[in-house]
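# An overview of the molecular structure
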Amino acid sequence: MDFPRQPVRDSANDFAIDLADVHKTYGRKIRALQGVTLQVRAGEIFGLLGPNGAGKSTLVKVMMTIVRPDTATGTVLNRHVGDPVALARIGYLPEHHRFPTYLTGRQVVEFSGAMSKVDRPTRKKRASELLDRVGMGGWKDRPLASYSKGMRQRIGLAAALVNDPQLVVLDEPTDGVDPVGRREIRDLLIGIRDEGRTVLLNSHLLSEIENVCSRVAIMVQGRMVAQGTIDELTSSSRRYEIVVEGTAPSWCTDSASIHMIPPGQMIAAGIQGESCRLIFLGLDALGAQPILDRLRAEQRTVIAVQTVRESLEDLFMRAVTDPTTGLIYRPGAVT
Amino acid sequence: MMQTIAIFVGAYRELSARKIFWLALAVSLLVVALFACLGINETGITFIGWTFESPFFSTKTLSPETFYKSLFVNLGVDWWLGVLSTLLALVTTCGIIPDLVAPGSVDLLLAKPITRTRLFLTKYCTGLLFAALQVLVFSTATFFVIGVRGGAWEWTLFAAVPIVTFFYSLLFSICALVGVLTRSSVASLILTLLAWTIIFTINISESIVNSGRIANQLESTAIEAKLANTDTPVDDDEREELTNDLAKALDRRPTWDRAHFWFFGVKTFLPKTTDTLKLLDRWLLESASMPGRDEDSSRGPQQAFGPKRVKRGEFQRAVREDEQSHSIWWILGTSVVFEGIILGLATVVFVRRDY
């Protein structure tokens, strides 16, 4: 494979994945990746989000040498993209994988190990351990043809881990898995991270990402539109909500008197039955005290006070929505 | 090496999971069992308890060893391994490359520390495993039949393994190219069979045209010799007839030569599937006291162009000598070049494609 070779940057040592300026155009028309930058720190679970056609799978495939980028700089495990030494230290479970159904679960895992150059005694030992770990110990000698989709997914996870990888790249690992299985896989991912491995998780299940990922990135139309911890990405949306009995105080909607609520800014006051919800953007507990004082001075009953932050789903929807039209971005980017 | 072994073990598991693999092996052994049931004695051919009298096939004309070798080459290799078993092998293995490049399957392998070129060529070689195993089983069983029934332990029989596998590899390279281009097992099978038919037709056409060309040469040479023979002078009527026939033969010669030039030219660039299998004739039957197939055959396309004034045996010998004037290196070399080009194209497509 003639992947573009660029000098390894010194800063790459901190990152399991450190890619920049990744471009990929399919058939001169579909710009799947438009200068994507991705940095995944060693030892973290990183979530890659985006709507269908955003370029997530293409980015993963570029890392795994399945797709040839037009340009790409940076490193994976401190090696050039496509370096066989790095590939031997990566575990990969693709979306819609197709393992040979005539093989048994154990044979699939051992084959994966052999292809990653794991010696025979080691891969046999690890295969048994991993099959037990993913809950397939009792099924390991039966052919995949007799497995459910969820069981094949578990086998895929074991196959991705057989080479004792430093980086595990999982594309929709819970696809087809029941809720109990999802919980088990989530625990498995946390276990993998606790062993010091890095996990890149590509999933549509936002709750799954929110539960296990330390950092996330959101891709839209071949571009990386957000990248960071969930806290960082939602901090701008942090707000303070105060629920009081009765209608909204007149000063809340009076622009002349709103300056008395520094440093917060009231963004909404809505009636909910017999109560009113006052929402303040960017206000912290200290800043809320003058407001509470005033409400009490007016003999208002404060029913609830809470800090509210945007959920990952809200963040995701905001990222994939065109702010000018309010419509969801179309999949892919056509030149 | 570990990866190569793993891919081959995987391929064996894939083959052994298919019923058609075991069916083909069983039929191979059945064919050999039928050979073992056939025998030859002083009066003719025997089959279990029956004897079929024949003036041509008996121990007076053939040794048991040559009889079994002839069965092996003419029926076992040419028909069973060269046609029927090859068809079964193509049906079984036509899906290997399309399965390799199928979404979800190729990702698992490309993400491993193995170059695409090596991965593709190793997979291609696993496709030859079916043919190689079939021929090996068939040759081994026949080896024992000839040894026990014919009294000769003929090790050259095992030359069939590389020869037939090479013959199969010529077709499988086409199958691999179509497979990587279309990602379809059915398209791979159909287009390979079509290509095989075209190659076979061109080979046969060249053979027919070449026979006609040789017949023309022999005929004119024979007439010229008769006209020049002063020991047995011909009368005027016969001389006139001979002169006319000679003129016709000489008149047709450029046509035969031109036709053969073009057919031979086309054939040169194609794999020599038929000639490759005929190499076994050279090695097995020529060393025996039995003449090759061409001399025994009383039919065949070349008879249509047979010269009037030349004995059939002489004509057949001339045709055979002409065929054998093509060296093994020409037969194998041009075929290897063809295979190399087709396989090279397939590899380039596989290596450069995004999955």
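Scroll up a little and you will see the structure.
Here the structure is a predicted model, which means the values were calculated and not measured.

## Structural notes on the overall build of chain B
Tallying secondary structure elements over chain B gives 13 helices and three strands in all. The buried share among the 355 residues of chain B stands at 40%. In chain B, of all internal contacts separated by at least 6 residues, the share reaching a separation of at least 24 is 78%.

## Thoughts on the sheet that holds strand E2 (residues 44-47) of chain B
Residue and element names in this part refer to chain B. Here three strands make up an open sheet; going across it, the order is E1-E2-E3 and the pairing antiparallel. On the outer flanks of this sheet lie strand E1 (38-40) and strand E3 (50-53), each paired with one strand and no other. When the angles between neighbouring strand axes are averaged without regard to direction, this sheet yields 25°. Pairing of E1 with E2, which is carried by three bridges, proceeds in the antiparallel orientation. Residue Gly 39 lies in a different strand from E2, and its bridge partner there is Thr 46.

## A word on the nonpolar core
By size, the foremost hydrophobic cluster in this structure holds 148 residues, and its most contacted members are Ala 158, Val 169 and Leu 201 of chain A together with Val 164 of chain B. A total of 16 residues in this core trace back to one element, the largest contributor, which is helix H7 (residues 160-182) of chain B. With near-sequence residues (within four places) excluded, Ala 158 of chain A lies in contact with Val 109, Leu 130, Leu 131, Val 134 and Met 136 of chain A.

## With respect to the interface of chain A and chain B
Taken together, the 22 residues of chain A in the interface contact 23 residues of chain B. The set of elements that each furnish at least two residues to the side of chain A that touches chain B consists of helix H2 (84-87) and helix H3 (105-115) of chain A. At three residues, H3 of chain A tops the list of elements feeding residues into the side of chain A that touches chain B. Per-class residue counts for the side of chain A that touches chain B are 15 nonpolar, four polar and three charged.

## Observations regarding helix H6 (residues 179-194) of chain A
Residue and element names in this part refer to chain A. Under the 1.5 Å per step criterion, the end-to-end length of H6 is 23 Å for 16 residues, consistent within 8% with the ideal 22 Å. Against the buried residues of H6 lie strand E3 (45-49), helix H5 (149-161), strand E7 (167-171), strand E8 (198-202) and helix H7 (206-212). Positive backbone phi, at 95°, marks Gly 196, one or two positions downstream of H6.

## Focus: the packing of H3 of chain A against helix H1 (residues 2-16) of chain B
Where H3 of chain A meets H1 of chain B, the closest approach of the two axes is 8 Å, and the angle between their N-to-C directions is 150°. Taken together, the axes of H3 of chain A and H1 of chain B are roughly antiparallel relative to one another. Residues Phe 111, Ala 114 and Met 115 of chain A of H3 of chain A form the contact with H1 of chain B, whose own contacting residues are Met 2, Gln 3, Ala 6 and Gly 10 of chain B. The class makeup of the residues in the contact of H3 of chain A with H1 of chain B is five nonpolar, two polar and no charged.

## So, the pairing of E2 of chain B
Residues and elements named next belong to chain B. If you look at the hairpin formed by E1 and E2, you'll find three residues sitting between the two strands. As paired elements, E2 and E3 share four bridges and run antiparallel to each other. Pairing of Ile 45 across the sheet is with Phe 52, part of E3. Hairpin connection from E2 to E3: two residues lie between these consecutive antiparallel strands, with Ile 48 at a positive phi of about 55°.

## Some remarks on unusual backbone geometry
All names here are of chain A. Unusually for a residue other than glycine, Glu 172 sits at a positive phi of about 50°. Considering the arrangement of structural elements, one finds Glu 172 in the loop between E7 and H6. C-beta crowding within 10 Å serves as the criterion here: with 21 such atoms nearby, Glu 172 is assigned to the buried category. At Gln 299, a residue that is not glycine, the phi angle is positive and equals roughly 65°. Taking the C-beta count within 10 Å as the criterion, Gln 299 has 8 such neighbours and is therefore assigned exposed.

## So, H7 of chain B
All names here are of chain B. For H7, spanning 23 residues, the distance from its first C-alpha to its last is 32 Å, which sits close to the expected 33 Å at 1.5 Å a residue. In H7, a bend of some 25° at Leu 170 exceeds every other bend along the element. Extensive coverage of H7 is indicated by the burial of 20 of its 23 residues. Taken from the residues just after H7, Arg 183 is the one with a positive phi, measuring 60°.

Analysis parameters
Residues numbered from 1 in each chain as written. Chains lettered and ligands numbered in written order. Predicted model: local features only at pLDDT ≥ 70, side-chain atom pairs only at ≥ 80, totals over all residues. Helix = DSSP H or I, 4+ residues; strand = E, 2+ residues; numbered from the N terminus. Buried ≥ 20, exposed ≤ 12 C-beta atoms within 10 Å, placed from the backbone. Contact = placed C-beta atoms within 7 Å. Pairing = 2+ DSSP bridges. Axes fitted to C-alpha atoms, helices over the stretch in contact; angles between N-to-C directions. Core = buried A, V, L, I, M, F, W, Y, C linked by C-beta atoms within 7 Å. Nonpolar A, V, L, I, M, F, W, Y, C, P; charged D, E, K, R; others polar. Expected span 1.5 Å × (residues − 1). Parallel < 35°, antiparallel > 145°, perpendicular 65-115°, else oblique. Bend = angle between axes of the 7 residues up to and from the residue.

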